Amino acid sequence: MKKLLYGIVCVAFLGFLTACGGGDDETEQDTTPTEEQTTEETADAGDELFQQSCASCHGGDLKSGGAPDLDKIGAKYSKDEILGIIENGKGGMPAGVLKGEDADAVASWLAEKK
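Residues numbered from 1 in each chain as written. Predicted model: local features only at pLDDT ≥ 70, side-chain atom pairs only at ≥ 80, totals over all residues. Heavy atoms only, no water.

(A) Representation of the overall build of the chain in the model. When its secondary structure is counted, the chain shows six helices and zero strands. Counting the 114 residues in the chain, one finds 25% classified as buried. Pairs at least 24 residues apart make up 52% of the contacts formed inside the chain by residues separated by at least 6 positions. Looking at the chain as shown, the accessible area adds up to about 8,500 Å², and 54% of this sits on carbon and sulfur atoms. (Helix = DSSP H or I, 4+ residues; strand = E, 2+ residues; numbered from the N terminus. Buried < 20%, exposed > 50% of the residue type's maximum accessible area, 1.4 Å probe, protein only. Contact = heavy atoms within 4.5 Å. Areas by Shrake-Rupley, 256 points an atom, 1.4 Å probe, with all protein chains shown as cover.)

Below, the structure written as structure tokens:
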């Protein structure tokens, strides 16, 4: 009986905590990002994704890994060509290391490296 009562009290307490979760008290504003903010966010995302998924082979600085240097890859390939390499692989690079929006963000970020 004590276990049942204890269980009910715990569930009620957890329900209370969940109901008291923090709401968004911010006033409504136009949160549509400007083109500059969107480009900057994409660049930040591309850099972060690169560091997580690509830096172990290509180096965190784009040129100190065992794989080809990417510090000037945008001068050699367009964004679409870089995206194709990310999605389909090339040489020793396997296909599909990144996919979808992640691959697109990294391709955009790398295309700026000239």
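(B) Seen up close, the packing of aromatic side chains. With the rule as written, the count across this model stands at one aromatic pair. For the pair Phe50 and Trp109, a centre-to-centre distance of 5.3 Å together with 45° between the ring planes defines the contact as tilted. Separated by 59 residues along the polypeptide, Phe50 in helix α2 (residues 35–53) and Trp109 in helix α6 (residues 100–111) bring together distant segments of the chain. We classify Trp109 as buried; its relative accessible area is 9%. (Phe/Tyr/Trp six-rings, centres within 6.5 Å; stacked < 30°, edge-to-face > 60°.)

(C) Up close: the environment of Tyr77. Here Tyr77 shows up in the loop between α4 (73–76) and α5 (79–88). Take Tyr77: its relative accessible area is 18%, and that puts it in the buried class. As for Tyr77 and Lys113, which are separated by 36 residues in sequence, their C-alpha atoms are 10.0 Å apart. When neighbours within four sequence positions are excluded, Tyr77 is seen to be in contact with Ile82, Ile85 and Lys90. A polar side-chain atom of Tyr77 sits 2.6 Å from a polar atom in the side chain of Lys90. (Polar contact = N/O pair within 3.5 Å; in protein donor to acceptor, adjacent residues only side chain to side chain.)

(D) Representation of the environment of Gly66 within the structure. When you line up the elements, Gly66 lands in the loop between α3 (55–58) and α4. With a relative accessible area of 83%, Gly66 lands in the exposed category. Between the alpha carbons of Gly66 and Ala55 there is a distance of 10.0 Å; along the sequence they are eleven residues apart.

(E) Region of the structure containing the nonpolar core. Core analysis: the biggest nonpolar cluster contains 20 residues, and Phe50, Ile82, Ile86, Val106 and Leu110 have the highest contact counts within it. Listing elements by their share of this core, those giving two or more residues are α2, α5 and α6. Per-element tally for this core: the top contributor is α6, with seven residues. Beyond its immediate chain neighbours, meaning those up to four positions away, Leu110 contacts Phe50, Leu62, Leu70, Ile73, Gly74 and Ile82. (Core = buried A, V, L, I, M, F, W, Y, C linked by side-chain atoms within 4.5 Å.)

(F) Inspection of a nonpolar patch on the surface at higher detail. The grouping of Met1, Leu4 and Ile8 at the surface amounts to a nonpolar patch, some 400 Å² of accessible area in total. Tracing the chain through its elements places Leu4 in helix α1 (residues 2–19). Assessed through its relative accessible area of 55%, Leu4 is described here as exposed. (Patch = residues over 30% accessible without salt bridge, like charges linked within 9 Å, V, L, I, M, F, W, Y side chains within 5 Å. Salt bridge = Lys/Arg side-chain N within 4 Å of Asp/Glu carboxyl O.)

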